[in-house]
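Residue-level structural notes
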Amino acid sequence: MRIRVLGAAAGGGFPQWNCGCPGCRAVRDGTRPTTPRTQSSIAVSPDGERWWLVNASPDVRTQLADSPALHPTGDRTTPLHGVLLTDAEIDHTLGLVLLREGRGVHVHATAATERTLRTGTSLLTTLERFCPVTWTEVVPGAEHDLGGLVYRAFDAPTAKHDRFAPPPAGSGTGTDGTGRVVGYRFTDPATGRFAVHLPGVQELTPAVLAEIDGADLLLVDGTTWFDDEMVRLGLAAKTAHDMGHLHVGGPGGSLERLGGLRVGRTVYVHINNTNPMLLDDSDERAEVEKAGALVGYDGLELEV
Ligand SMILES: [Zn+2]
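Presented here is a report on the structure given in the accompanying data block. Please read these numbers as outputs of a predicted model, since none were measured by experiment. Every residue gets a number counted from 1 within its own chain, in the order that chain's sequence is written. Reporting of local features is limited, given that this is a predicted model, to residues whose pLDDT is at least 70; pairs of side-chain atoms are given and counted only at 80 or more, and all residues count toward the totals for whole chains, interfaces and linings. Note that water and hydrogens are dropped before the side-chain values are worked out from all heavy atoms of the structure.

This paragraph deals with the coordination of the zinc ion. Summarising the metal site, the zinc ion is bound by the protein donors Cys 19 (SG), Cys 21 (SG), Cys 24 (SG) and Asn 273 (OD1), whose distances to it range over 2.2 to 2.3 Å. Atoms of type N, O and S within 2.8 Å of a metal are treated as its donors, and for Na, K and Ca the window is 3.2 Å; water is not considered, so some sites may appear to be missing partners. Irregular is the label for any site that misses the other tests, which are tetrahedral for four donors with all angles between 85 and 135 degrees, and square planar for four donors or octahedral for six when opposite donors exceed 155 degrees and the remaining angles lie between 65 and 115. One way to put it: the four donor atoms around the zinc ion meet at angles of 104 to 114 degrees, and that makes the site tetrahedral. One chain supplies every donor for the zinc ion, spaced along it as C-x1-C-x2-C-x248-N. Residue classification places Cys 21 among the buried residues on the basis of a relative accessible area of 4%. Exposure categories follow from relative accessible area, calculated using a 1.4 Å probe and restricted to protein chains: below 20% of the type maximum is buried, above 50% is exposed, and the middle band is partly exposed. We classify Cys 24 as buried; its relative accessible area is 0%.

What follows is the structure, given as structure tokens:
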């Protein structure tokens, strides 16, 4: 399978329009070496011809324009077959509305995510006014065959309060957090090799670690380096954990926690603009690379 990182930044992108943090400043004034990044999304394909997006970011238009494999193949015909969602975050779903010129959008999402999009953010209601929307319900633990590529979602449990989630109704719809945030395992059925995409994870629970272990490729949440990064910079009162993310560095960080797993290659994605590992000459970048991991960037092509 082929995977292309369309956008490696978290919500807001890098730089973020209203942010003057050291990283955002470095992009603008060139005082430190770094590369701008668009908002979090990847594209996955079994054969390089049929592609699915995982999350549709507000930057989807430029991301598709910058990806020759995803350009139209004919009169309003594109290699894009659908969009898989990991959650209902606005930064992961706003791009759906920007795909409205197509003949329709096919969305794969859990029941919890669909409910939030329909009755919480209402983004789905807006999209349906412009084009047909079809659905495949994603059930964590169940395999779905895309043809030459099989996905299986798994829960990434989060205690984060979701202000857009509608009141609970029935089982499996987010009453206990189930299905609100998921990761995806993509397996090549011919070889058994698999990639895991986990752009948002609050806790690396034993169940989540079991999903990751043995992966040939892991794309994982790199939102912040420090748990209190936003607090230190005076940008927010919330920690990364409060916002549903596990920090990368230091004791208990993902770099340490993932160190003992059997993973072919680890790539950080969904990186917030405040994360010092975005600066090419930072100690944090050196630490990631020393551990054999990679700080993801837009346009990065990976083969599994
Ligand atoms: Zn910033």
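After that view of the structure, there is still more to cover.
Next up on the list: the side chain of Asp 87. In this text, helices come from DSSP runs of H or I with a minimum length of four residues, and strands from runs of E with a minimum of two, each type numbered from the N-terminal end. Along the chain, the position of Asp 87 falls in the loop between strand 4 (80-84) and helix 3 (90-97). We call two N or O atoms a polar contact when they sit within 3.5 Å, provided that within protein one can donate a hydrogen and the other can accept it, with sequence-adjacent residues counted only if both atoms are side-chain atoms. In terms of polar contacts, Asp 87 uses its side chain to reach the backbone amide nitrogen of Glu 89, at 2.8 Å. Within polar-contact distance, the side chain of Asp 87 engages the side chain of His 92 at 3.0 Å. Contacts are residue-level and defined by heavy atoms, with any inter-residue pair within 4.5 Å sufficient. Every residue in contact with Asp 87, bar those within four places of it in the chain, is listed here: Asn 55, His 92, Thr 93, Thr 113, Arg 180 and Val 181.

Right, let's get into the pairing of strand 2 (residues 41-45). The element strand 2 is extensively covered by neighbouring structure, given that five of its five residues are classed as buried. Where strand 1 (residues 2-7) meets strand 2, five bridges bridge the pair, whose relative direction is antiparallel. Residue pairing for strand 2: Ile 3 is matched across the bridge by Val 44. Strands are labelled as partners when DSSP assigns at least two bridges between them. Of the strand pairs in this sheet, strand 2 and strand 3 (residues 51-54) are connected by three bridges, and their pairing is antiparallel. Bridge pairing in strand 3 links Ile 42 to Val 54. Following strand 2, the chain reverses through five residues before pairing antiparallel with strand 3; Gly 48 in that reversal takes a positive phi of roughly 80 degrees.

We call Phe, Tyr and Trp rings a pair once their centres come within 6.5 Å, taking the six-membered ring for Trp, and we label the pair stacked below 30 degrees between planes, edge-to-face above 60, and tilted otherwise. Enumeration over the complete set of coordinates arrives at two aromatic pairs. With centroids separated by 5.5 Å and ring planes inclined at 85 degrees, the aromatic side chains of Tyr 151 and Tyr 184 adopt a geometry described as edge-to-face. With a gap of 33 residues between them, Tyr 151 in strand 8 (residues 150-155) and Tyr 184 in strand 9 (residues 182-187) connect regions that are remote in the sequence. One exposure class covers both Tyr 151 and Tyr 184, and it is buried.

All right, on to the nonpolar core then. To form a nonpolar core, buried Ala, Val, Leu, Ile, Met, Phe, Trp, Tyr and Cys residues must be joined to one another through side-chain atoms within 4.5 Å. If you look at the biggest cluster of nonpolar residues, it comprises 31 residues, and the most contacted ones within it are Leu 198 and Tyr 268. If you list the elements that add at least two residues to this core, you get strand 10 (194-198), helix 6 (206-212), strand 11 (217-221) and helix 8 (254-258). In this structure, Met 1, Val 138, Leu 146 and Phe 186 belong to the second largest nonpolar core, which totals 26 residues.

With that settled, the discussion passes to the packing of helix 4 (residues 111-120) against helix 5 (residues 123-130). To get an axis, a line is fitted to the C-alpha atoms, and for a helix only the part in contact is used. The angle between two axes follows their N-to-C directions and goes from 0 to 180 degrees. Where helix 4 contacts helix 5, the two axes come as close as 4 Å, and the packing angle between them is 75 degrees. Put simply, helix 4 runs roughly perpendicular to helix 5. Two secondary-structure elements touch here, helix 4 through Glu 114, Leu 117 and Arg 118 and helix 5 through Leu 123, Leu 124, Thr 125 and Glu 128. Angles below 35 degrees are treated as roughly parallel, those above 145 as roughly antiparallel, those between 65 and 115 as roughly perpendicular, and all remaining angles as oblique.

Turning our attention to the pattern of salt bridges. Salt-bridge detection follows one rule: a side-chain nitrogen of Lys or Arg within 4 Å of a carboxyl oxygen of Asp or Glu. Within this structure, the stated rule accounts for 14 salt bridges. One salt bridge in this structure joins Arg 232 and Asp 228, with 2.8 Å as the shortest N-O distance. Note that Arg 285 and Asp 280 form a salt bridge whose closest N and O atoms lie 3.2 Å from each other. Taking the relative accessible area as the measure of exposure, Arg 285 reaches 9% and is therefore buried. The class for Asp 280 is partly exposed, based on a relative accessible area of 36%. Linked by salt bridges that have partners in common, Arg 2, Arg 4 and Glu 301 make up one network.

Read these as spatial facts, not as claims about activity.
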